[in-house]
Amino acid sequence: MQEELSNRQERPEGMPYLHWRVLEAIPQGKENSIPIAYLMEKLAISQLDRRKVNNIINDLINDYNCAIGTSSQKETRGIFLIEDERDLTLSLRTLHTRAISNLDRGRKIVENFNNKYQLNMDLSYSEDTEDFGYLD
């Protein structure tokens, strides 16, 4: 299902074409959110390239200063351009929930590893050494 994308803006200089197409396909506001799978279908991008699309979304946020939000709530599940403080709050709540879930998973993996090998590793991480540490 490929449809014409509305040109909300000119493609910023230096932004790769595919990044711009992804940005243009993301709807405004949480009420119009769409699943990433639908966004990919809309752009005729294979579901096998989902990681690539996720990386593009990260680039749009981190390198091109786009305010892109996501929601995991039933009514607003998907991706959207943040329009107001409510959109921002919803997106941050979703990120917070995922972050806590990932930390809990990481703690459990470390616990399982420690139990298996009788070690005392923790989740601390040093950017200086790019390594995880031991608890003494």
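The preceding data block contains the structure.
Note that this is a predicted model, so its numbers are computed, not measured.

(A) Inspection of the side chain of Ser33 at higher detail. Looking at the element boundaries, Ser33 is found in the loop between helix 1 (17-25) and helix 2 (36-42). Its relative accessible area of 15% is what places Ser33 among the buried residues. Only 2.7 Å separates the side chain of Ser33 from the backbone oxygen of Thr76, close enough to count as a polar contact. At 3.4 Å, the side chain of Ser33 and the backbone oxygen of Arg77 are in polar contact. Excluding its chain neighbours within four sequence positions, the residues that come into contact with Ser33 are Pro27, Thr76, Arg77, Gly78, Ile79 and Phe80.

(B) Just the pattern of salt bridges, in detail. Enumeration over the complete set of coordinates arrives at 4 salt bridges. The residue Glu31 makes a salt bridge to Lys30 at a minimum N-O spacing of 3.1 Å. Classification of Lys30 by relative accessible area gives buried; the value is 14%. Residues Lys108 and Glu111 are paired through a salt bridge, measuring 3.2 Å at the closest nitrogen-oxygen approach.

Reading the values: rules and limits
Residues numbered from 1 in each chain as written. Predicted model: local features only at pLDDT ≥ 70, side-chain atom pairs only at ≥ 80, totals over all residues. Heavy atoms only, no water. Helix = DSSP H or I, 4+ residues; strand = E, 2+ residues; numbered from the N terminus. Buried < 20%, exposed > 50% of the residue type's maximum accessible area, 1.4 Å probe, protein only. Polar contact = N/O pair within 3.5 Å; in protein donor to acceptor, adjacent residues only side chain to side chain. Contact = heavy atoms within 4.5 Å. Salt bridge = Lys/Arg side-chain N within 4 Å of Asp/Glu carboxyl O.

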